[in-house]
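Topology and contacts: notes
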Amino acid sequence: MPDLTQIALATGFGLILIGFYGALTRRGLLRIILAFTLASTGVNVVIVAIGYMRGRTAPILDEAVTTATAVGRIIDPLPQALVLTAIVIGLGVTALMLAYAYRLFRRHRTLDIAAFRELKW
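Criteria and thresholds
- Residues numbered from 1 in each chain as written.
- Predicted model: local features only at pLDDT ≥ 70, side-chain atom pairs only at ≥ 80, totals over all residues.
- Heavy atoms only, no water.
- 1 Å grid on protein atoms, 1.4 Å probe; cavity = no way out; pocket = protein on both sides within 12 Å on 5 of 7 lines; lining within 4 Å.
- Points joined across faces, edges and corners; volume = space filled by probe spheres on them.
- Helix = DSSP H or I, 4+ residues; strand = E, 2+ residues; numbered from the N terminus.
- Nonpolar A, V, L, I, M, F, W, Y, C, P; charged D, E, K, R; others polar.
- Axes fitted to C-alpha atoms, helices over the stretch in contact; angles between N-to-C directions.
- Parallel < 35°, antiparallel > 145°, perpendicular 65-115°, else oblique.
- Contact = heavy atoms within 4.5 Å.

In this structure, the largest pocket spans a volume of roughly 250 Å³. Surrounding the largest pocket, 13 residues form its lining, Thr37, Ser40, Gly90, Leu91 and Thr94 being those nearest its centre. When residues of the lining of the largest pocket are traced back to their parent elements, those giving at least two are helix H2 (29-51) and helix H4 (78-108). Among the elements that make up the lining of the largest pocket, the one with the highest residue count is H4 (seven residues). Partitioning the lining of the largest pocket into residue classes produces seven nonpolar, six polar and no charged. Computed from the structure, the second largest pocket encloses a volume of approximately 150 Å³. Surrounding the second largest pocket, Leu4, Thr5, Ala8, Val45, Val48, Ala49, Gly51, Tyr52, Ile75, Asp76, Pro79 and Gln80 form its lining. Looking at which element gives the most residues to the lining of the second largest pocket, the answer is H2, with four residues. Grouping the amino acids of the lining of the second largest pocket by side-chain chemistry returns eight nonpolar, three polar and one charged.

All right, on to the packing of H2 against H4 then. The interhelical angle for the contact between H2 and H4, taken along N-to-C directions, is 180°, at an axis separation of 10 Å. One element, H2, and the other, H4, form an angle in the roughly antiparallel class. Here H2 contributes Leu29, Leu30, Ile33, Phe36, Thr37, Asn44, Ile47, Val48 and Gly51 to the contact with H4, which in turn contributes Pro79, Val83, Ala86, Ile87, Thr94, Met97, Leu98, Ala101 and Leu104. Per-class residue counts for the contact of H2 with H4 are 14 nonpolar, four polar and no charged.

Okay, here's the thing in structure tokens:
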């Protein structure tokens, strides 16, 4: 039976693959933005799953976890901090992409990427 880490890794890689497939096969700009956001979420799930260690506790030093026993009993907080940073950056990138899509829609009255000829080489 798979454990929680394997399920989280499979889910994360599944989200990444679905996001890349959607970004490469769709022509609507909003669907492409949604696909990139989905792939970004998958990357965050994979990072959290890799940082998880069975039997460890949260990185909080108190009476239950002393400084002397902390190395062997707590989880490394770096992957969690990286994911929190990635979530904030991803939100900003998604907002920027949506603002750009809105401007393109106002100018061209479509979100089909084939209609944006002046952006090509």
